[in-house]
Amino acid sequence: MPPPEGQPQQPPVPPAGWPQPQDPWQQPPAPASWQQQPPPPAGWQQQPPPPEGWQQQVPPPGWQQQPAPPGWPQQAVPQQGGWPPQPPQQGWQPPLTPPPPVVPAPPREPKKSDRLAIAAGNASFLSVGYFMARRGGWGFLTLIVSFVLLFFVVPSVHTVLIEIVAVLWWLALIVHGFFLAKGPVEPAAKLRQRGVGIAAAVAALLVLGLLRVQAGDIGQTVADAKASGDCKHAMDSLDKVWLGLRIADAPLAAEGDDTVSACRELTAAGTKLTDGLSGDVTDLNTGFNQIGTVLATRPGHEKMADAVVDGFLAGLPVQDPCTTVTITDWITKRPKTGNTLDRSVEAVAKHEPAALLGCGDKYMAAEQWTSAKASYQSLIQAYPADAGKAKAVAGIAKADLAIELATVREKLEGTGTNSQPAYCGSPAKYSAAKAYGKGVNKALFFGNDTESGRLPKTWSASDVTNATLVVCIGDDTRGASVQSCSYRSNFGTGPSYKVTFHKVKVAVKAYEIRTGRVVFNKTMQFGGSSCPSTVSYTSTLGSDLGPPSHMDVKVNAKDVKTQFQKFVVK
């Protein structure tokens, strides 16, 4: 029964048989056999006395004391029969109080989060909303996906489709974060969460927007460079595109990479075309094919291709006119492709006539008469109204003479039959030679130096250019008999031998150099003295068999001159 209001509560009465409690915090005197506890160490704080009304805990009935491990002192256990308890046999210890039961901590209540704050945090692409909502698993997983998507997939694929995928992923983060959040949230916490989420979203979107503005400026610069055909300016601008711009504007990166590839291919094509200005048609083919590939596979770079073609055409004509002819001839024969490359044909009519004329002159100077004539003829056939036609006609005539002269000289230098030049069997004309006619027709004598040596030196020409005839003289042969005489061997003491003397017969053929026609073709027999007092001959193996039975007369030079004069001098 509680005490009346205002009166102090009386301590409870101990059970029957228990001693009356003393000062609650005073211990009864220990028996003599007990060991005195050592004094507390210096600075030890005395425990406060139990509060007023504190009751000593009594073990329930039937409670069994747990045996102490070996060597441990025996604890005193209070009994219901009285107080204080009987001291243990060995060493005194304070009474044991059972520890209070351990109560497990209540589960932590999930943090409540604002939907708009979480959605805004996820809009930063950094999964800030998930971490604000204490959803670390979702946060790390989505952060990894965002990282891979933004830093690897978007910069490498950089198409409009991948941008759509990135936007869809961004929207998915926002929507999922909105529905994952739990509320309601206290106003202060809601304000704080929304501030963090919106700040993260604004920062991310602001960076993205600034990057897209920068990318747009670069894109416009590249577009202007493409419109003007300036590959260098475009490349310089695209060198400023870094990873952030590739993430912020994937189509710009794709278009920029396409432009970079196109410019590299066009630069390589321009190098090949420059090399092709030396007349290497292989380089010309390679360069035009590379430009054609860019036009076919990379639309939008036509002006840049035009610039490369213009640079090539500006290199025409080259210093060597024959090289220019080679290039223009290649351009003329090149199949049409229906693109800007076909404009190169315009350069042919502009440069080829002068190049053909100059090339012909160059070949003439190098005495390459056939090539010179071909160049002049090409000019007349392709451009009959060109101002250089008259010069080309004159060049052809000059080349023809040079070709004829070269042919005649070649035939005269070659060796034919009977030690005569090839000309004697296959004559050729030299139209610039003097015509065969009145007076002394100077000649080139070939074949029989013995007989031609008996002719006047004034009849011989030094070169084809100042000769009228080519005279081919055959070898000496036996002609008609003139006289027979007897001779004795062994200085007149041996037997008598009859020797018949014959005229010297030669075949003579004369050609007019101007026309290559035959003007004389006869056999001549030259007479002379016969039957000399002695004849010389050679014995065989030391045996004197006498002189040969037939011998030639000693040719009279005057007779030789007389017979040749019939066609040399008219």
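What counts as what
The numbering scheme is per chain: residues are counted from 1 as the chain's sequence reads. Residues qualify for local features only when their pLDDT is at least 70, as the model is predicted, and side-chain atom pairs are given and counted only at 80 or more; totals for whole chains, interfaces and linings, by contrast, use all residues. The side-chain numbers reported here are obtained from all heavy atoms of the structure, hydrogens and water having been left aside. Secondary structure is summarised from DSSP: a helix means a run of H or I of at least four residues, a strand means a run of E of at least two, and numbering begins at the N terminus for each. Helix span is expected to be 1.5 Å times the residue number reduced by one. The rule is simple: take the accessible area with a 1.4 Å probe, protein chains only, and divide by the maximum for that residue type; under 20% is buried, over 50% is exposed, in between is partly exposed. Note that the arc is defined by the directions from the helix axis to the C-beta atoms. Any two residues whose heavy atoms approach within 4.5 Å at even a single point are treated as in contact. By convention in these notes, a salt bridge is any Lys or Arg side-chain nitrogen within 4 Å of a carboxyl oxygen on Asp or Glu. Under the pairing criterion, centres of Phe, Tyr and Trp rings, with the six-membered ring standing for Trp, must be within 6.5 Å; the plane angle then separates stacked pairs below 30 degrees from edge-to-face pairs above 60, leaving the rest tilted. Note on terminology: disulfide denotes any pair of cysteine sulfur atoms within 2.5 Å. The predictor attaches a confidence to each residue, called pLDDT, with possible values from 0 through 100. In this analysis, a patch consists of residues with relative accessible area above 30% that form no salt bridge, clustered at 9 Å for like charges and at 5 Å for the nonpolar side chains Val, Leu, Ile, Met, Phe, Trp and Tyr. Computed with the Shrake-Rupley method and a 1.4 Å probe, the accessible areas treat only the protein chains shown as cover for residues. Side-chain atoms within 4.5 Å are what join buried Ala, Val, Leu, Ile, Met, Phe, Trp, Tyr and Cys residues into a set we call a nonpolar core. In this description, strands pair whenever DSSP reports at least two bridges between them.

1. Describing helix α13 (residues 369–382)
Across its 14 residues, α13 extends 20 Å between first and last C-alpha, which sits within 8% of the 20 Å expected from 1.5 Å per residue. By the burial criterion, the buried members of α13 are Trp369, Ala372, Ser375, Tyr376, Leu379 and Ile380. All buried residues of α13 project into a common sector of 135 degrees when viewed along the axis, lining one side. Summarising the geometry of α13, the exposed residues directed more than 90 degrees from the buried face are Thr370 and Gln381.

2. A closer look at the side chain of Asn448
Mapping Asn448 onto the fold places it in the loop between β1 (443–446) and α15 (449–452). Residue classification places Asn448 among the buried residues on the basis of a relative accessible area of 6%. Ignoring any residue separated from it by four or fewer positions in sequence, one finds Asn448 in contact with Ile473, Gly474, Asp475, Asp476 and Val506.

3. Examining the environment of Gly474
Structurally, Gly474 can be placed in the loop between β2 (469–473) and β3 (477–488). The exposure class of Gly474 is buried, given its relative accessible area of 10%. Each C-alpha atom, one on Gly474 and one on Gly447, is 5.8 Å from the other, the two residues being 27 residues apart in sequence. Contact partners of Gly474, with chain neighbours within four places excluded, come to Gln420, Asn448, Val506 and Ala507.

4. Quick look at the pattern of salt bridges
Pairing is possible between side chains that carry opposite charge, provided their charged atoms lie close to one another. Following the criterion strictly, the structure yields 13 salt bridges and no others. A salt bridge links Lys272 to Asp283, with the nearest nitrogen and oxygen atoms 3.7 Å apart. Of this pair, Lys272 sits in helix α8 (residues 250–276) while Asp283 sits in helix α9 (residues 281–297), and the two are eleven residues apart along the sequence. Lys272 sits in the partly exposed class, given a relative accessible area of 30%. Between Arg517 and Glu512 there is a salt bridge, with its nearest N and O atoms 2.8 Å apart. Look at Arg517 and you get partly exposed, because its relative accessible area is 42%. Overlapping salt bridges, with partners in common, bring together Asp306, Asp310 and Arg343 in one network.

5. Looking at the packing of aromatic side chains
Tallied over the entire structure, the rule returns ten aromatic pairs. Judged by centre distance (4.2 Å) and plane angle (20 degrees), the ring pair of Phe520 and Phe567 falls under stacked. Placement of the pair is Phe520 in strand β5 (residues 518–526) and Phe567 in helix α16 (residues 557–568), with a sequence separation of 47 residues. Look at Phe520 and you get buried, because its relative accessible area is 11%. Summarising the aromatic geometry, the rings of Phe564 and Phe567 are spaced 5.7 Å apart at their centres and angled 50 degrees between planes, so their arrangement reads as tilted. Here Phe564 pairs with Phe567, and both are found in helix α16, just three residues apart, close to one helical turn. Taking the relative accessible area as the measure of exposure, Phe564 reaches 0% and is therefore buried. You can call Phe567 buried: its relative accessible area is 2%.

6. Things to note about the state of the cysteines
Here the structure, examined in full by the defined rule, presents three disulfides. The partner cysteine of Cys424 in its disulfide is Cys472, sulfur to sulfur 1.9 Å. Residues Cys424 and Cys472 are joined by a disulfide whose S-S torsion is about -90 degrees; by sign, that bridge is left-handed. With Cys424 in the loop between α14 (389–413) and β1 and Cys472 in strand β2, the pair connects residues that are 48 residues apart, well separated along the chain. Take Cys424 and Cys472: they sit in the same class, and that class is buried. The disulfide that involves Cys485 links it to Cys531, with 1.5 Å between the sulfurs. One quick way to see it: the torsion about the S-S bond of Cys485 and Cys531 is about 100 degrees, and its sign makes the bridge right-handed. Taken together, the residues span a long stretch of sequence, with Cys485 in strand β3 and Cys531 in the loop between β6 (528–529) and β7 (550–552) at a distance of 46 residues. Comparing Cys485 with Cys531 shows no difference in burial state: the two are buried.

7. Observations concerning the confidence of the model for the protein chain
In this model, the protein chain carries a mean pLDDT of 79, and residues with pLDDT of at least 70 account for 72%. Counting interchain partners and residues more than four positions distant, the pLDDT-below-50 stretch residues 22–27 has seven contacts. Low confidence marks residues 77–83, where pLDDT is under 50. Its contacts with residues over four positions away, or in another chain, come to 23 contacts.

8. Looking at a nonpolar patch on the surface
A contiguous nonpolar surface patch, about 620 Å² in accessible area, is contributed by Val160, Leu161, Ile164, Val165, Val167, Leu168 and Leu171. Summarising the element assignment, Leu161 is placed in helix α4 (residues 160–180).

9. A few points about unusual backbone geometry
In the segment running from Leu316 into Pro317, the intervening peptide bond is cis, with an omega of -5 degrees. On the secondary structure map, Pro317 appears in the loop between α10 (302–314) and α11 (321–333). Phi is positive for Glu367, which is not a glycine, with a value near 60 degrees. Positionally, Glu367 belongs in the loop between α12 (345–365) and α13. Given a relative accessible area of 56%, Glu367 falls into the exposed group. Positive phi, normally seen in glycine, also occurs at Cys531, with a value near 50 degrees.

10. Describing the nonpolar core
In this structure, Ile291, Phe312, Leu316 and Ile327 are the most contacted members of the largest nonpolar core, which totals 43 residues. Breaking this core down by element, the ones donating at least two residues are α8, α9, α10, α11, α12, α13 and α14. Ranked by the residues each element gives to this core, the list is headed by α12, at seven residues. The contacts of Phe312, once residues within four sequence positions are left out, are Leu273, Leu277, Leu284, Phe288, Ile327 and Ile331. Residues Val506, Ala510, Phe520 and Phe526 belong to the second largest nonpolar core, which totals 20 residues.

11. Observations regarding the pairing of strand β4 (residues 496–512)
Judged from the five bridges that link them, β2 and β4 form a sheet pairing that is antiparallel. When the bridges of β4 are listed, Leu469 appears paired with Glu512. One ladder, built from nine bridges, connects β3 with β4; its direction is antiparallel. Bridge pairing in β4 places Arg488 opposite Ser496. Here three bridges tie β4 to β7, and the two strands are oriented parallel to one another. In the strand pairing of β7, Thr500 is matched with His550. The pairing of β4 with β5 spans eight bridges and is classified as antiparallel. In the strand pairing of β5, Lys509 is matched with Asn521. Linking β4 to β5, which pair antiparallel, is a turn of five residues; within it Gly516 sits at a positive phi near 80 degrees.

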